[in-house]
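Residues per chain, in single letters:
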Amino acid sequence: MFELGSLKLESNLFLSPLAGYTNLPMRLVIREVGGVGLCTTDLVNARSLLERNAKAFKLIESNAQDKPLAVQLFGGVPEEMRDAAQYLESIGVDSIDINMGCPVKKVVKVGGGSAMMTQLDKTASLVKGMVDAVKIPISAKMRLGWDDRNITAPELARTLEGVGVGAIFVHGRTREQGFSGVVKLEGISKVVAAVESIPVIGNGDITTPGAAKHMLDETGCAGVSIGRGAFYNPWIFQHTKHFLATGELLSEPSFEERVRVLTRHLDLMVEVFGENRGCVMFRKVAPWYAKRFGPANLFSKRVVRLQTRSEFDEILGEYCGWREQFCDEKGELLPRFQLEPMVSSFMQEPQVAQREAIPVPAGPVEVW
Ligand SMILES: Cc1cc2nc3c(=O)[nH]c(=O)nc-3n(C[C@H](O)[C@H](O)[C@H](O)COP(=O)(O)O)c2cc1C
């Protein structure tokens, strides 16, 4: 049991916000597989919510199974952030996360995202306005700082604790690093040391249960948040929870299990977004799962043009037949086609870490 302010969570494992991905279908898939304590939406513009913008409303679409849920807000206008928080509380959202890490122009321009890391007093007063206006917990998500010479996260975290935030999420890289280089565990430790009693949740490059434990042990953080690791592997929360409780590493999911969950993900996409849009959005989801299939060219090439739900069954059928040539009679991949286990950047030599970095989808998110 993990406490985030007044909220009791089943584990100290969190799904990081991933704009364009952490929609209702992805969150439901991860919850069904199990082990996650709290899922967060993509970042949402506070003003767009207040204006009842349809796109913003789609981002916060939820249902009874999608609990507990945090919505991540961005914005630089205190009244808007406060009113959006009150609105979210009124519709049953369990907690609110404030984006303080995003350096994308449209976010920083309105005084949100990483702009907040540079204006301590203004940020503290904005956050206090939100904390005072609602009963649900408010958390903040940040990077270590702008660059190595400006490591602001410890001071920001301490200041925010002073105005009542319930938790701090910290991605162990600077804004300058983007997604390159190694996640700096000592940077996360400094944030842990800076706060008095609120939980600090470490984040960055966790792709295995062992890496989650390593980050917890090395930094003293109270929990970990996983983003891209959940793309490949929605089982990471369940397996990490089990590993932290027992020390036992569960074996990797079978190909059949991966296909079952992938198919469920598509069905939920179609249910939530309609067949056409759901299939189009699924084009960028499926290749992540396929990275752990073994040889998968045939599948990835076709699935990125997916148009209908029934076409997916065809693609899968054809792929499963093609994949047999790489398997033994029991259907297991022959040793030479088996994949190396994943290793997180902070558990490798730096040169290897750079070479084997987790891919980042193209687009402005490269600088998250
Ligand atoms: C595609 C993508 C979208 C992201 N969107 C958000 C976002 O909406 N809000 C946010 O605070 N961070 C966002 N991030 C950053 C992640 O939440 C996380 O901090 C980062 O990816 C490091 O964790 P990971 O290595 O486990 O992915 C995004 C990252 C990626 C790759």
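Residues numbered from 1 in each chain as written. Predicted model: local features only at pLDDT ≥ 70, side-chain atom pairs only at ≥ 80, totals over all residues.

Draft legend 1. Fine view of the overall build of the protein chain. Within the protein chain one finds 17 helices and 10 strands. Its C-alpha atoms give the protein chain a radius of gyration of 20 Å, within 12% of the compact-globule value 21 Å for 368 residues. If you line up the protein chain on its principal axes, its C-alpha atoms span 65 × 45 × 35 Å. Here the protein chain holds 368 residues, and 44% of them are scored as buried. The long-range share in the protein chain, meaning contacts at least 24 apart out of those at least 6 apart in sequence, stands at 69%. (Helix = DSSP H or I, 4+ residues; strand = E, 2+ residues; numbered from the N terminus. Rg over C-alpha atoms; globule rule 2.2 N^0.38 Å. Buried ≥ 20, exposed ≤ 12 C-beta atoms within 10 Å, placed from the backbone. Contact = placed C-beta atoms within 7 Å.)

Draft legend 2. Just the pairing of strand 5 (residues 69-74), in detail. Where burial is concerned, most of strand 5 is hidden: six out of the six residues are buried. Alternating positions in strand 5 separate into two faces, Leu69, Val71 and Leu73 on one and Ala70, Gln72 and Phe74 on the other, with burial throughout. The pairing of strand 4 (residues 38-45) with strand 5 spans five bridges and is parallel. Across the sheet, Asn45 pairs through a bridge with Phe74, a residue of strand 5. By the bridge criterion, four bridges tie strand 5 to strand 6 (residues 95-99) in an arrangement that is parallel. Pairing of Gln72 across the sheet is with Asp97, part of strand 6. (Pairing = 2+ DSSP bridges.)

Draft legend 3. Focus on the sheet that holds strand 7 (residues 138-143). Around the barrel, which closes on itself, the eight strands sit in the order 3-4-5-6-7-8-9-10 with parallel pairing between neighbours. Across the sheet, the axes of successive neighbouring strands diverge by a mean angle of 25°, strand direction being ignored. Along the sheet, helix 7 (residues 153-162) contacts strand 7, strand 8 (167-171) and strand 9 (200-203); its crossing angle with strand 7, the most-contacted strand, is approximately 170°. (Axes fitted to C-alpha atoms, helices over the stretch in contact; angles between N-to-C directions.)

Draft legend 4. Inspection of the packing of helix 1 (residues 24-33) against helix 12 (residues 255-273) at higher detail. For the pair helix 1 and helix 12, interaxial distance at closest approach is 8 Å and the crossing angle is 140°. When the axis of helix 1 is compared with that of helix 12, the two are oblique. Once helix 1 is placed against helix 12, the crossing between them reads as right-handed. On helix 12, the residues that touch Leu24, Pro25, Leu28, Val29 and Val33 of helix 1 are Val261, Arg264, His265, Leu268, Met269 and Val272. When the residues that make up the contact of helix 1 with helix 12 are grouped by side-chain class, the tally is nine nonpolar, one polar and one charged. (Parallel < 35°, antiparallel > 145°, perpendicular 65-115°, else oblique. Left-handed = near helix turned anticlockwise from the far one by under 90°. Nonpolar A, V, L, I, M, F, W, Y, C, P; charged D, E, K, R; others polar.)

Draft legend 5. Broad picture of helix 13 (residues 275-282). Among the residues of helix 13, Gly278, Cys279 and Phe282 are the ones counted as buried. Down the axis, helix 13 shows its buried residues gathered within 95° of arc, on one side only. For helix 13, the exposed residues lying more than 90 degrees away from the buried face are Asn276 and Arg277. Taken together, the buried residues of helix 13 touch helix 12, helix 14 (286-290) and helix 16 (309-323). (Arc of directions from axis to C-beta.)

Draft legend 6. A look at the environment of Glu252. Positionally, Glu252 belongs in the loop between helix 11 (236-246) and helix 12. Between the C-alpha atoms of Glu252 and Asp83, which are 169 residues apart in sequence, the distance is 44 Å.

Draft legend 7. Structural detail: the environment of Gly247. Here Gly247 lies in the loop between helix 11 and helix 12. Spatially, the C-alpha atom of Gly247 lies 9.8 Å from that of Lys213, the residues being 34 residues apart in sequence.

Draft legend 8. View of the nonpolar core. By size, the foremost hydrophobic cluster in this structure holds 94 residues, and its most contacted members are Ile96 and Ile168. A total of six residues in this core trace back to one element, the largest contributor, which is helix 1. Shared between two domains, this core holds at least three residues of each, these being domain 1 (2-246) and domain 2 (255-337). For Ile96, the contacting residues outside a window of four places in its chain are Ala70, Val71, Leu73, Ala85, Leu88, Ile136 and Ile138. (Core = buried A, V, L, I, M, F, W, Y, C linked by C-beta atoms within 7 Å. Domains from an automatic or database assignment.)

Draft legend 9. Geometry of the packing of helix 9 (residues 209-219) against helix 11. At a minimum axis separation of 8 Å, helix 9 and helix 11 run at an interaxial angle of 55°. What the angle tells us is that helix 9 and helix 11 run oblique. The way helix 9 lies across helix 11 gives a crossing that is right-handed. Across the interface between the two elements, Pro209, Ala212 and Lys213 of helix 9 pack against His239, Thr240, Phe243 and Leu244 of helix 11. Of the residues assigned to the contact of helix 9 with helix 11, the class counts are four nonpolar, two polar and one charged.

Draft legend 10. Examining the site of the ligand more closely. The full set close to the ligand counts 26 residues, and Ser16, Ala19, Leu43, Gly227 and Arg228 are the nearest of them. For the shell around the ligand, the residue count by class is 12 nonpolar, 10 polar and four charged. (Near = placed C-beta within 6 Å.)

Draft legend 11. Region of interest: the domain arrangement of the protein chain. Segmenting the protein chain into domains produces domain 1 (2-246) and domain 2 (255-337). Distance from the C-alpha centre of domain 1 to the C-alpha centre of domain 2: 30 Å. Contact residues are listed per partner, giving 11 residues for domain 1 and nine residues for domain 2. Going through the elements one at a time, helix 1 and helix 10 (229-232) are the ones with two or more residues in the side of domain 1 that touches domain 2. With five residues, helix 1 is the single largest residue contributor to the side of domain 1 that touches domain 2. Of the residues assigned to the side of domain 1 that touches domain 2, the class counts are eight nonpolar, two polar and one charged.

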